[in-house]
Amino acid sequence: MQKKEQFFSLHRQGFVRVAACTPRCEVGDPKSNAQETLALMREGEKRNVDLMLFPELGISAYAIDDLLLQDALLDGVEEGLAQLVEASKALRPVFIVGAPVRRNARLYNCGVVISRGKILGVTPKSFLPNYREYYENRWFAPGFGVAGLDVKLAGETAPFGTDLIFAASDLPDFIFHIEICEDFWAADPPSTQGALAGALILCNLSASNIVVGKADDRALLCASQSMRCMAAYVYSAAGPGESTTDLAWDGQATIHELGVQLTCTERFPSKSQMCVADVDVERMRLERMRTLTFNSAAVAAGHPETAFRRVEFEHAPVFEDVGLERAIDRFPFVPDNPAKLDRDCYEAFNIQVQGLMKRMQVTNGERIVIGVSGGLDSTHALIVAAKAFDALKLPRKNILGFTMPGFATSQGTKSNAWTLMNALGVTGEEIDIKPAARLMLEQIGHPFAKGKPVYDVTFENVQAGLRTDYLFRLANQRKAFVLGTGDLSELALGWCTYGVGDHMSHYNVNGSVAKTLIQYLVRWVVKTKQFEEAAAVTLLSILDTEISPELVPADDKDQIQSTQSKVGPYELQDFHLFYITRYGLRPSKVAFLAWHAWRDSAHGQWPPDFPDDAKHAYTIGDIKKWLGVFLYRFFEISQYKRSALPNGPKVVSGGNLSPRGDWRAPSDGNARVWMDELERNVPT
């Protein structure tokens with residue numbers, strides 16, 4: 001169980017700090033190489049690293065050819081290893097170093113795992129390259145199939161074989177597997193079996209000389225293996241000091257997680273270096289749990305966990321705040337990288353357009369009806385519709401846009417709605433819903449009908465319901481269908497009027513798009529000149545408008561109704577939405593991530609062209625407050641709305657709350673377990 005005072009500890013939040021190291025080496029000089037390795041080990045101790053990976057044959061050096069068969073050198077290797085084992089007694093990290101190891105008149109290319117003055121195990125290389133510049137069969141025995149054995153090394157007896165995974169007994173999910181260089185170039189890398197057996201961190205000790213283009217190949221393999229195995233992949237290649245008799249070395253070291261590179265070292269260094277990142281082992285375990293294909297692969301492979309030996313060790317992690325060596329995106333739906341953001345916007349917009357085109361085609365439809373408020377969501381749905389009609393070669397005048405002013409509609413939003421419809425060339429009409437709303441309020445005996453300023457949920461929903469009721473009847477009359485506009489963020493928070501309200505439509509293109517992403521989609525549409533200049537100007541004006549349902553008149557200070565003051569800042573609630581629904585993280589961990597992302601507006605990356613005056617920061621108290629609002633609204637009061645959603649395309653990963661998509665839950669559930677976990681484990 002967590003403690004509030006340990007909330008800021010990365011170890012309490014499911015992270016393990018790993019380092020990929022490239023020490024400078026000396027050719028065939030184990031003593032010197034052990035010293036250089038030890039220097040990095042001590043640096044890792046200072047940086048609170050849990051696991052440190054070093055290159056293949058780093059203690060002897062890799063490119064030393066027949067020197068590998070000299071007992072004098074191999075004795076020196078054992079002496080160097082013994083020195084590292086002794087030094088590790090005073091160091092907290094687990095170390096994986098590369099060394100040639102003798103056993104039963106054979107020599108193996110091995111990864112040696114050292115922790116707290118002990119060799120935990122030794123894993124030999126399975127696949128030996130013997131082509132082009134490689135001659136490993138000349139010196140080494142292959143490790144493939146070696147299992148269940150021990151080896152005497154540096155004065156100790158340790159488990160030996162390719163059947164080893166290593167697991168901390170006192171830090172959940174700190175479980176790792178070792179493979180060596182050529183192993184991950186094989187069609188079926190040993191790390192695949194290690195992952196299926198439960199390892200969440202896959203480690204590759206590599207030498208891997210460099211030729212033009214090879215760095216990209218390595219990065220591709222690391223990314224691919226980390227994604228396919230739902231794991232972290234830590235890779236370290238030989239660097240400065242290796243023999244350049246026939247080859248060259250670039251010291252490439254990387255750390256990937258679920259297909260994404262977290263960090264890397266500089267290439268072609270002149271001295272020792274390492275890169276450090278905190279990998280989210282808890283998130284990877286949860287991802288495996290919810291992706292049954294991964295578990296089916298373990299069944300198809302004959303349950304590898306039954307064939308592996310799990311070497312347990314006591315890690316004794318610290319539970320202090322040692323920071324977080326990891327970038328956390330403030331906007332998980334909006335990439336910080338300009339090229340990726342452009343690509344994501346292109347894909348998201350065209351997914352929406354394609355979805356609407358197909359629905360138009362199968363209904364033999366030539367017209368749609370859409371409510372245009374001048375707000376963000378209806379604006380985006382309208383421009384999606386315009387692009388779909390262009391692609392179908394249908395006239396935009398067949399898009400029937402209706403602005404329906406109510407008791408609190410501002411002149412600004414109404415003007416924007418009309419300006420945009422005119423700029424796009426759609427058919428615009430206006431229906432004043434106030435007379436019908438007054439009649440309904442009068443017939444149900446609402447105080448507002450008697451002149452009292454009562455602006456309750458009934459007052460709001462009479463207007464919201466009338467608007468949708470009009471749209472459906474207009475669709476009947478005009479032989480069209482209603483295009484929905486409500487977005488993913490509103491559906492998560494239940495911020496929509498159920499049934500005959502903005503909850504319902506014939507087809508909704510926005511239902512899988514978060515509010516924060518819609519803002520950037522509109523910016524992307526303007527930036528890439530998808531529409532005429534007049535439309536672009538209006539789109540930018542709409543982006544600057546306060547998000548409001550405009551159902552309640554302004555107060556005596558002319559303050560309009562603000563959605564975000566009620567349900568929380570969308571930028572924060574979208575963050576919570578992503579991590580809770582996409583990965584199933586505990587509320588306290590979501591709060592921890594949000595704090596690291598949002599605590600300092602001057603720290604970390606922002607999406608491109610983000611306005612300076614909109615760069616906010618939040619305290620842990622703010623985060624806890626609004627996360628509590630999210631949990632209550634999401635788990636307790638709004639699931640029934642999501643259980644009855646109209647059709648619409650899935651746009652982002654984890655971003656579909658339809659019962660036919662990413663999220664299924666009982667409508668009569670409650671939020672107690674999530675609220676209790678938040679209150680118990682998050683400070684204020």
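Bear in mind the structure is a predicted one, so any value in this text is a computation, not a measurement.

Rules and cut-offs
Residues numbered from 1 in each chain as written. Predicted model: local features only at pLDDT ≥ 70, side-chain atom pairs only at ≥ 80, totals over all residues. Heavy atoms only, no water. Helix = DSSP H or I, 4+ residues; strand = E, 2+ residues; numbered from the N terminus. Buried < 20%, exposed > 50% of the residue type's maximum accessible area, 1.4 Å probe, protein only. Contact = heavy atoms within 4.5 Å. Areas by Shrake-Rupley, 256 points an atom, 1.4 Å probe, with all protein chains shown as cover. Lys, Arg positive; Asp, Glu negative; His and termini not counted. Charge placed at Lys NZ, Arg CZ, Asp CG, Glu CD. Pairing = 2+ DSSP bridges. Phe/Tyr/Trp six-rings, centres within 6.5 Å; stacked < 30°, edge-to-face > 60°. Lys NZ or Arg CZ within 6 Å of the ring centre and 35° of its normal. Expected span 1.5 Å × (residues − 1). Axes fitted to C-alpha atoms, helices over the stretch in contact; angles between N-to-C directions.

Caption draft 1: Region of interest: the overall build of the protein chain. Within the protein chain, the regular secondary structure consists of 20 helices and 20 strands. Considered along the principal axes of its C-alpha atoms, the protein chain spans approximately 100 × 55 × 45 Å. Looking at the protein chain residue by residue over its 684 residues, the buried ones come to 58%. Counting contacts in the protein chain only where the partners sit at least 6 residues apart, residues at least 24 apart contribute 75% of the total. Surface accessibility of the protein chain: about 27,900 Å² in total, with carbon and sulfur atoms responsible for 50%. When the 72 basic and 82 acidic side-chain charges of the protein chain are each reduced to a single mean position, those positions are 5 Å apart.

Caption draft 2: Here's a closer look at the pairing of strand E4 (residues 106-115). Among the 10 residues that make up E4, nine are buried, leaving the element largely enclosed by the rest of the structure. In sequence, strand E3 (residues 94-103) turns back onto E4 through a hairpin of two residues, with asparagine 104 there showing a positive phi of about 55°. Where E4 meets strand E5 (residues 118-124), six bridges bridge the pair, whose relative direction is antiparallel. Note on E5: the bridge partner recorded for valine 113 is glycine 121. Two successive antiparallel strands, E4 and E5, enclose a turn made up of two residues, where arginine 116 displays a positive phi of approximately 50°.

Caption draft 3: Local environment of the packing of aromatic side chains. For the structure on display, the rule yields 38 aromatic pairs. Each ring, one from phenylalanine 184 and one from tryptophan 185, has its centre 5.6 Å from the other, and the planes form 80°; the classification is edge-to-face. Judged by its relative accessible area of 4%, phenylalanine 184 is buried. Overall, tryptophan 185 belongs to the partly exposed group, its relative accessible area being 32%. Three or more aromatic residues joined by ring pairs form one cluster here, namely Phe7, Phe8, Phe15, Phe592 and Trp595. One Lys or Arg, arginine 12, reaches over the ring of phenylalanine 319 and ends 4.0 Å from the middle of that ring. Positioned above the aromatic ring of tyrosine 583 is the side chain of arginine 582, whose terminal nitrogen or guanidinium carbon lies 4.6 Å from the ring centre.

Caption draft 4: Quick peek at helix H2 (residues 71-87). With 17 residues, H2 ought to run about 24 Å at 1.5 Å a step, and its terminal C-alpha atoms sit 24 Å apart, in line with that. Among the residues making up H2, those that are buried are Leu73, Leu74, Gly76, Val77, Gly80, Leu81, Leu84, Val85 and Ala87. Tucked inside the fold, the buried residues of H2 contact helix H1 (30-46), E3, E4, E5, strand E6 (149-153) and strand E7 (156-160).

Caption draft 5: Examining the environment of aspartate 613 more closely. Counting through the fold element by element, aspartate 613 comes out in the loop between helix H17 (587-598) and helix H18 (620-637). In sequence terms aspartate 613 and isoleucine 518 are 95 residues apart; their C-alpha atoms lie 19 Å from each other.

Caption draft 6: Here's a closer look at the sheet that holds strand E8 (residues 164-168). Ordered in space as E13-E12-E11-E10-E9-E8-E15, the seven strands form an open sheet in which the pairing is mixed. Each of the sheet's edge strands pairs with one partner strand only, and the pair in question is strand E13 (260-264) and strand E15 (309-313). Within this sheet the neighbouring strands show an average axis-to-axis angle of 25°, counted without direction. Bridge count between strand E9 (residues 175-180) and strand E10 (residues 201-205): five bridges; the pairing is parallel. Directly across from isoleucine 180, in E10, lies its bridge partner leucine 205.

That's the geometry; what it means functionally is another story.
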